[in-house]
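Now for the letters of each chain:
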Amino acid sequence: MRDCDFLHQALEQAFLHPIVYSAIGISMADYTHLTDCLRFNDNSHHLLLPYTLPKENIKKYAHFAEKTTHPRHNQRLYDEYETYKYFVTENTVIPANYPQTQEMCKKLNLLELSRQAAQRKKMSASVFPSEFILQAEKLNEQYFTSMKYAEEILHSNPAAYNLALITDYAATYKKIIKKFNISNFILWINKKRFRYYLNEAAQLLKSHQVISVEFYEDHPFHGDKYGIARYKIMQCKNNLKQLLFLLQKMSHEPQLLSLTQQLLANPKTFNDMLAKYRNAQKIENASTVSSLLHNMQNTFDKYAFLLYLNGVRFAFENKYLCETPVKNQPQLPTVSPQNEVKKIIHIVEESQKITPISGKISKIYTQALKDYKEAIQKLNAIINKSV
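The text that follows walks through the structure, step by step, so that each part is easy to find. Remember, it's a predicted structure, so these values are computed and weren't measured experimentally. Throughout, a residue's number is its position along its own chain's written sequence, starting from 1. Where totals are concerned, whole chains, interfaces and linings use all residues; where local detail is concerned, this predicted model gives features only for residues with pLDDT of at least 70, and gives and counts side-chain atom pairs only at 80 or more. Side-chain measures were taken over the full set of non-hydrogen atoms in the model, leaving aside hydrogen atoms and water.

**Quick look at unusual backbone geometry**
Phi at Asn91 is positive, roughly 55°, even though this residue is not glycine. Mapped onto the elements, Asn91 comes out in the loop between helix 4 (75-90) and strand 4 (92-93). For the exposure calls, accessible area comes from a 1.4 Å probe over protein chains only, and a residue counts as buried if that area is under 20% of its type's maximum, exposed if over 50%, partly exposed in between. Overall, Asn91 belongs to the buried group, its relative accessible area being 8%. Backbone geometry at Asn109 places phi at a positive 60°, although glycine is not the residue there. Each helix is a run of H or I in the DSSP string that is no shorter than four residues. Each strand is a run of E no shorter than two, and both are numbered from the N terminus. Residue position: Asn109 is located in the loop between helix 5 (101-108) and helix 6 (115-125). Taking the relative accessible area as the measure of exposure, Asn109 reaches 33% and is therefore partly exposed.

**Details of the pattern of salt bridges**
Salt bridges are identified by distance alone: a Lys or Arg side-chain nitrogen within 4 Å of an Asp or Glu carboxyl oxygen. On inspection of all chains with the given rule, the structure shows 12 salt bridges. For the salt bridge of Lys268 with Asp272, the shortest nitrogen-to-oxygen distance reads 4.0 Å. Of this pair, Lys268 and Asp272 both sit in helix 15 (residues 267-281), 4 residues apart, which is roughly one turn of the helix. Classification of Asp272 as partly exposed rests on a relative accessible area of 42%. Two residues, Glu317 and Arg313, come together in a salt bridge whose shortest N-O distance is 3.2 Å.

What follows is the structure, encoded as structure tokens:
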């Protein structure tokens, strides 16, 4: 395989199939026939909606791999790749019983203590901004600390939180149901069925039952057997999944579930009932709690996208570049582990000084980091005002 084909394929596959496990409490579900997207869940904070990254967006990012790995646009990548091939061929390794291996791997953010692994980091740095690589590993604690404080504020204002839940549900439902019109025929013929499923789910929750995975399997939509309708049916399922998630967040309060059923039956009556509910509860801090909830969701969405991008970087560096067509020679244990470690440290330090080519992938990473920082700053500002 030609070098350009190998590097293009490695980066493309990393975008299509990232490896995301760096954040404790965050899980990623791969593409399925029910979602056709990457789906991120914050399992530590059940108040948050999952973040979904559509497959079409991912394919668009993967498309940028060809130009980014082209020799004319990224000669630095090929220079580093030549060095990497030499290291792979030489295959010098540090003895398995070297006492500082684990400590050095953690310090240098390497999966293995070798020049090959360190050199892959230099190759990665020629594609992804070093600022992102250095900061992405340090965001977990910041994110979870802010979310913990925000969640404590929500729990200390239960009435305002309940109002925010039903208000958000109503706004989301109204936005979604507008799409179920005659101009979108597949959605339009499923409008009645869509509402029926939501009402059934609310009734199940009121009787203290759960919405299981089987609920999605056992509740089909018209046209789901026809390939031409596949995209619209996927929209139906994804929209239903989103609203069911919001419904489940209200399972602790039957009155809220009754309001959602009234919204399905008569939106005007729902508005009147919601106003009565708000007045009867004598809710304080409603706007602050609503703003906090929205900013928590926005922060998670931005954070989850960072996890995806870092998962792409990780997969490129630690999986797909390892599949090099260069033949490995038998391992050659170094006679001087200390000197070999010094070489590895030097390579890693050099990787942190590399500026990637000015391209679309670099811009995506830089902008994502900026968006997250802005989101967490807004969230922390609300938290500080509420303390």
